[in-house]
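Residue-level structure breakdown
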Amino acid sequence: MDAVENDSIRKPKTYVETNRKFKRLTLINNNNNGKIVGLEILLISDRSLLGTKNEDDVLNTGGDDDDFAGKKNEETESESDEEEEESGSDMMSSDDSDDEHEGAKEGLKTAACAVEVSVGYLSDPENFHGLSHFLEHMVFMGTRTNRSENFFDEWLSRNWGSQNAYTDTEKTVFHFDVHPKRLKEGVEIFSKFFTEPLILERALEREVTAIESEFERVVNSDGVRMELLLADLAIEGHPYRKFGWGNRQSLTESEAYKEKNGARKALKRHFKEHYHARRMSVVVCGAEELEELEEMVLSAKAFGSLCVQEEEEKEEVDNGNDDDTNNKIVDEYVSQFERIDEVNLSDTYGQPFAHLVPSFVKTSQVKTGTQLTLVFQLSSKINRNYLSKSVNFIETLLGHEGEGSCFEALRKRGLCSELCAGVSRGGLDDTSISALLSVSIKLTERGATRTEDILFILFTYLRQIETLLSSNGARFYDEMQQISQIEFEYSESEHACEFVERLVSDVRRFSPENVLYGDSYWQRYDENEIREVLSMLTPENVLVILASSEYKGNDAATIEPWVKFPYEVESFKYTASTSDAQDMQKVEKELGFPSKNRFIPKDLRMHNEIEKLFPVNGNDSINTTTTTSTTNHATLEVTPKIIYNECGVLRLWAKLGCREFKTQPKASMYFNANLLVEESVHDTMCLKMFALMLQDSVNKDIYYPAHVAANECSVHVLAQSTGVSFRFDGWSDTISELALAYFRRAASADQSFIQEEDRFQKVKETALQDMQNMVLKVRSHCAILSRLMKHEKEHSLQEKVAVLKEVTSEDVIRYGKKFFQNVFIEGLLVGNITESMATKLGDSLKQLLVNAAATTAGASENTSGEEVTRGNNNNNNALVFSRVVNLPPGTNHSIHVNAVNKDEVNSAITHYYQIGPSNSASRAIALLCEQFMSEKIFDQLRTKESLGYVVSAYFESSNEILGFNVLVESAFHAPKFVSERIKCFLDAFPSVIENLTDEEFNKQRVSLMEELLAEDANLREQSGRYFAHLKNRKYQFHRARDVAGHVSTITKADIARFCRETFSDSSTNASDGDARSKQLSVSIHGKNYPVEEKEKSEVKEIIAIKGEYGYYATEEGDGVTVPELYIPSKKIANAHSMDVAISGASHANPDTTAMNEDTIDAQEEGTKQQQQQQQFYSSKVMKTCETPSCGFCGNGKRKMPFSLPSGN
């Protein structure tokens, strides 16, 4: 075995400065035919995974006391600011990877490993559709070394870990992440899936059920239906006709499955032919040095066993305890087949639609509305030429939304609301056979009747690109090259798991030196190649697909074989005819290349305005003999402080400089425009349209150019319509200009961005469609009804739709003119910014808001001369709040409704258990309960009982009222049965906790503490965490550390008691004989288990019941008084996530010993407490409000923000 090393990998500046190291290996296998390339490996050494970048720090890899469990992010709120339609991946995945309730390990630094096998479903046998996906599932079902089917999952759950996999057209990817100190052991366990999987007979049926359930979840996905349509349109015998998902029909009705041992033979043959070193790539990211990682991966206990010489390979017969089959028969059958070095489909097959183009296809879609999709066949070779990026160049122009773009020409004529274009990475779009460039256009009602105009504008735009290429092409290419280069050089840190999963598919795609840089490398402008691509984007090489919810098919329609939707194929001839010849004559002059992008940063310097860490008085840190800390003083991270305050108008918090991310010339800015007046349903719909019209207005000249330059902006209505949230992430050089551009447009005196009536009607039409489509997925429908039940100010979707239909542009203009008079804006600035930058932004925003309010007052003919009163302060709160229903103890209310989509086979069942007002102690015990429950409920209800593909348990915080949810999505069982199984599991769970050993319990407890103390991975995560505390207006930036302190005191008895009181609906199970649980369940019934419709609608019943129950007093801050900042104890203040792992706490008996929270001695209180608060809260802008009869603070009737001792 030879190795070809490449240490000259091009790395971003940020990686160089953080000392992240890389090594690329290509192993050479010797066989009888000579040398061939074997295993491809990328090694990544990242010392920061252990909380240090110092090469001299020693990695401690010993001791069982270092075992920990999976991630929970304490700051994550389970309910989004506004309901958004879920958008799961269309890839086939062996685990539920799109859980919408929990963030992706934010702040937790894990090590990770990924493996790609270069085979996908295009290589499935003709008579066994879904075999590759089936094998992806089966390799996880135990190995000869670790025979338990759930061994790896259980091991990962104790060690911060998770695993997942997906099958694509020409690859299958597996990955896991784990505690950095457990990477070596994890790699050894993981590698066995690729060297000695059992592929057990007894697991076949269960995984067939899992695959069937997985497919049933996506049968109503329009994206999946489009993929299946393209597969059915492909020429007979072409690999594109393969049904890669697989389902019960395709798997169990195959000849192989029907034959005794046949399925296992087929799986093991597929494994032998494709799962070997010459078809595999491995990426590992760990805290070890590169040499240690190389030794780890190539160890005989890991992937080294893949690298043996072929002539020495021997088939081993497993004589284990598989009772259902004869292993010897299967292995003897498999031994006759040879390993396949590669599958070169491009030499065998041509373009999939060569027989069909040009054609026009009509089909149905699930979502309300119409979509027009144009599919062009391109050369795969040109598409994969990553150095020139000619296809990227074209798709960037086609998908552009700025001035001169195809989208803008369509939008201004009211023909479409969305357009996306390009060759997707993976799927049928990007294979070695062909590249499919798609242009997908979401049509308005007008657009659905004028498809010929849309086609005319699109093909005219393509001609304009070709015409203007010589004069504008090189300039635009250089601009994209500049943006990509800057974005690459200042890349933010990714979580290791995401990092390795992305890179493992690039190892063989790019040259060794460009394995990191390939996607960002625009090396040279090739005008001839671009013209060659344009020559393929013609009416003669296109499939035009019109998908509509109105289309139902007819007797002549073809029925797609797997989902059974209808479609028709007609001949297509482009005539360039239009419905309005005079208007279309103007189009050519409108279309062209984008103008120069003003949001590309010019100043990438880092500012030096970084605040000092603040020492916390006390004794030495947790364990100075073993901790990696080098100081004897406990310190706290610098938190945001108020840097600009204008009472009742604007308050800005800022964390100046980038201590943690000192190589990132970036910043994040968040602003909440919080309402000061109560609003009706009509007002909330005006607010929605105000935000949507603003987004529509800024798209062309602000949002999209900023987006292209790697800035991100968003505007959305806050939960229960209590205001509007603005978020900006991007380059510190341009982000202030970007934020001000949004606010200037929103605060314009005439609200001109709303006045164009035709545009208003098209935006409203899209909004109504989107609202109605929100309930098509049963999980989303479940969440909507659950929110309606829980929140006082949540209105039903039916009511909101009905009211929105009546809202006019005049209504929204009137609302918009008064908006900034009726809000208080609170903002957060984090990153590479200085105090002067923040103050300048504050002055500009203040002037905008004051002018907007004055304009409104003038328009209202306020002639009294008095100061304009902001808001309505008739209650004790300055801001509008949404209260949460207070379910009485013993409540067990169920809601049952049928799925909106009559063809939906899935049912969704959510059980919500209310805990009560949030405090650190209650959050701690709920999080620890989730820590224990999440893996066990998945294993029991999903793996063992096969209730459904989606099974999860998660903690939530809604307006600072805590709750706990259990969710199951099932296609095969009635909701009533699923609910019974959920309750059965929850009734037994306290005993499961009580039967844990002290060691098992403490490992999970310490694991959660580590997660709560983990550092933020990047600036975006840090700013998001801080903003969570501005949203609830409690400003307790150290809350996670406080929660960690409470976790350290929790015992098994505490968890068991919490579970009985929270989940039990039977007085016989409650600790004191009374049922204390407060339960709400929502079941959305699929078509196989319909529920009888009630005379009184469920929605009306919900509204009536929550009014009877009453509501909690608001637990959020009032927005006026800023409470004192909690200063955690010395131990918790100084604790790093790794410190907890190696401290003596991991050996404590959890029922008798815990970390002592009372470490701030009495003498540290008083003056020192004030000093601590001043360190984090004081600011020279604090002052007494001078506004007469201030409607916000009441001039002393309430405590002003930060009423600290004088002398600040």
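This text gives an overview of the structure that appears in the document. (Residues numbered from 1 in each chain as written. Predicted model: local features only at pLDDT ≥ 70, side-chain atom pairs only at ≥ 80, totals over all residues. Heavy atoms only, no water.)

Moving on: the sheet that holds strand 26 (residues 950-958). The strand order 24-28-25-27-26 describes an open sheet built from five strands, whose pairing is mixed. On the outer flanks of this sheet lie strand 24 (892-898) and strand 26, each paired with one strand and no other. Averaged over all neighbouring strand pairs, the angle between strand axes comes to 15°, with direction disregarded. Bridge count between strand 25 (residues 907-917) and strand 27 (residues 961-970): 10 bridges; the pairing is antiparallel. Each residue of the ladder has a partner; that of Tyr 913, found in strand 27, is Phe 964. Sitting on the sheet, helix 25 (residues 778-790) is in contact with strand 24, strand 25, strand 26, strand 27 and strand 28 (1079-1085), with an inclination near 145° to strand 28. The strands that helix 30 (residues 975-994) touches are strand 24, strand 25, strand 27 and strand 28; relative to strand 25, the one it contacts most, it runs at about 40°. (Pairing = 2+ DSSP bridges. Helix = DSSP H or I, 4+ residues; strand = E, 2+ residues; numbered from the N terminus. Axes fitted to C-alpha atoms, helices over the stretch in contact; angles between N-to-C directions. Contact = heavy atoms within 4.5 Å.)

With that settled, the discussion passes to the environment of Ser 844. With respect to the element layout, Ser 844 can be found in helix 28 (residues 835-859). Once the C-alpha coordinates of Ser 844 and Phe 743 are considered, the two residues, 101 residues apart in sequence, prove to be 9.8 Å apart.

It is worth spelling out the pairing of strand 13 (residues 542-548) at this point. Buried residues dominate strand 13, accounting for seven of its seven residues. Relative to strand 13, strand 9 (residues 359-364) runs parallel, the two being bridged by six bridges. Counterpart to Phe 360 in the pairing with strand 13 is Val 544. By the bridge criterion, seven bridges tie strand 10 (residues 370-378) to strand 13 in an arrangement that is antiparallel. When the sheet's bridge partners are listed, Thr 373 is paired in strand 13 with Ile 545. (Buried < 20%, exposed > 50% of the residue type's maximum accessible area, 1.4 Å probe, protein only.)

Moving on, we get to helix 5 (residues 201-216). Between its first and last C-alpha, helix 5 extends 24 Å over 16 residues, near the 22 Å set by a 1.5 Å rise per residue. Burial runs high along helix 5: 12 of the 16 residues are buried. Among the residues of helix 5, Ala 203, Leu 204, Glu 207, Val 208, Thr 209, Ala 210, Ile 211, Glu 212, Ser 213, Glu 214, Phe 215 and Glu 216 are the ones counted as buried. (Expected span 1.5 Å × (residues − 1).)

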